[in-house]
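Examination of the molecular architecture
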Amino acid sequence: MTDATTPVPANTPIGDLIGGKLHGRDQLFDTTGTDAMGLVADAPAPRTLLGRLKALLDVFSRTTSATDVLAVVPSDTVPLAVAPKALLVTVAGNLALKGASGVAITIPVTAGQLLPVQPVYVLAAGTTATVVALV
C-alpha cells in the first residue's frame with residue numbers, strides 16, 4: 001500500500017473526491033481492496049484514520065452533559081442497561097464497581113459526589129452507597 005505522501009503513478013485512475021481534492025484509488029485501498037484509511041466503511045476499523053477520529057468524537061461526546069437520569073440497582077450478575085456518562089452519589093457509603101476489564105474496585109464516596117466513570121456493573125457485594133446513573 002502506498003501512503004498519502006506517495007505520488008500517484010502514471011495511468012492510475014483517479015478514484016475518489018475527498019476534501020475537495022481528487023485522490024488516486026491506490027491511496028485509499030490496499031492491495032486486497034480493503035478500505036485502508038477507513039473513509040468508506042459505515043463502521044470504520046479502530047486503527048484507520050476515520051476510526052481514530054470516531055474514537056475521539058466518542059470521548060468528547062461522553063464529556064457532554066447528561067440528558068437523562070436512571071436509577072441504579074446494584075447487582076453482581078446484571079450489568080447496567082446503559083453505559084452512564086457519570087454516576088451521582090445520593091447516599092454516602094462504599095461503591096463497588098466493575099469495569100470492562102473485569103476488575104472490581106470498592107471506593108468510599110460522599111453524598112453529592114460526581115464520579116466520571118462508565119462501569120459495566122455496580123456490584124451489590126460491597127456497595128452501601130446509593131447512586132444514580134447520568135446518561
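Everything quoted here is computed from the prediction, not taken from an experiment.

**Comments concerning the overall build of the protein**
- For the protein, the helix and strand inventory stands at one helix and nine strands.
- Of the regular secondary structure in the protein, the N- to C-terminal order runs β-β-α-β-β-β-β-β-β-β.
- Every one of the 135 residues in the protein was classed for burial, and the buried ones make up 24%.
- Contacts in the protein between residues at least 24 apart in sequence constitute 53% of all its contacts with a sequence separation of at least 6.

**Comments concerning the nonpolar core**
- Ranked by internal contacts, the top residues of the largest apolar core, which has 13 residues, are Val72, Leu87, Leu95, Val109, Leu115 and Val122.
- Taken together, the elements giving at least two residues each to this core come down to strand 4 (86-91), strand 5 (93-98) and strand 9 (130-134).
- Filtering out sequence-adjacent residues up to four positions away, Val72 remains in contact with Leu80, Leu87, Val122, Val131, Val132 and Ala133.

**Overview of the side chain of Ser75**
- On the secondary structure map, Ser75 appears in the loop between strand 3 (69-71) and strand 4.
- Setting aside its immediate chain neighbours within four residues, Ser75 contacts Tyr121, Val122, Leu123 and Ala124.

**Focus on the sheet that holds strand 6 (residues 104-109)**
- Read across the sheet, three strands follow the order 6-5-8 without closing on themselves; strand pairing throughout is antiparallel. The strands lining the two open edges of the sheet, one partner per strand, are strand 6 and strand 8 (121-122).

**As for the sheet that holds strand 3**
- Ordered by their spatial adjacency, four strands build an open sheet running 3-9-4-7, and the pairing between neighbours is antiparallel. Of all strands in the sheet, those bounded by a partner on one side alone are strand 3 and strand 7 (114-115).
- One ladder, built from five bridges, connects strand 4 with strand 9; its direction is antiparallel. Bridged to Val89 within strand 9 is Val131.

**Topic: the pairing of strand 4**
- One ladder, built from two bridges, connects strand 4 with strand 7; its direction is antiparallel. Along strand 7, the bridge assignment pairs Leu87 with Leu115.

What counts, and at which threshold
Residues numbered from 1 in each chain as written. Predicted model: local features only at pLDDT ≥ 70, side-chain atom pairs only at ≥ 80, totals over all residues. Heavy atoms only, no water. Helix = DSSP H or I, 4+ residues; strand = E, 2+ residues; numbered from the N terminus. Buried < 20%, exposed > 50% of the residue type's maximum accessible area, 1.4 Å probe, protein only. Contact = heavy atoms within 4.5 Å. Core = buried A, V, L, I, M, F, W, Y, C linked by side-chain atoms within 4.5 Å. Pairing = 2+ DSSP bridges.

So, to be careful, I would describe these as geometric facts and stop short of saying anything about function.
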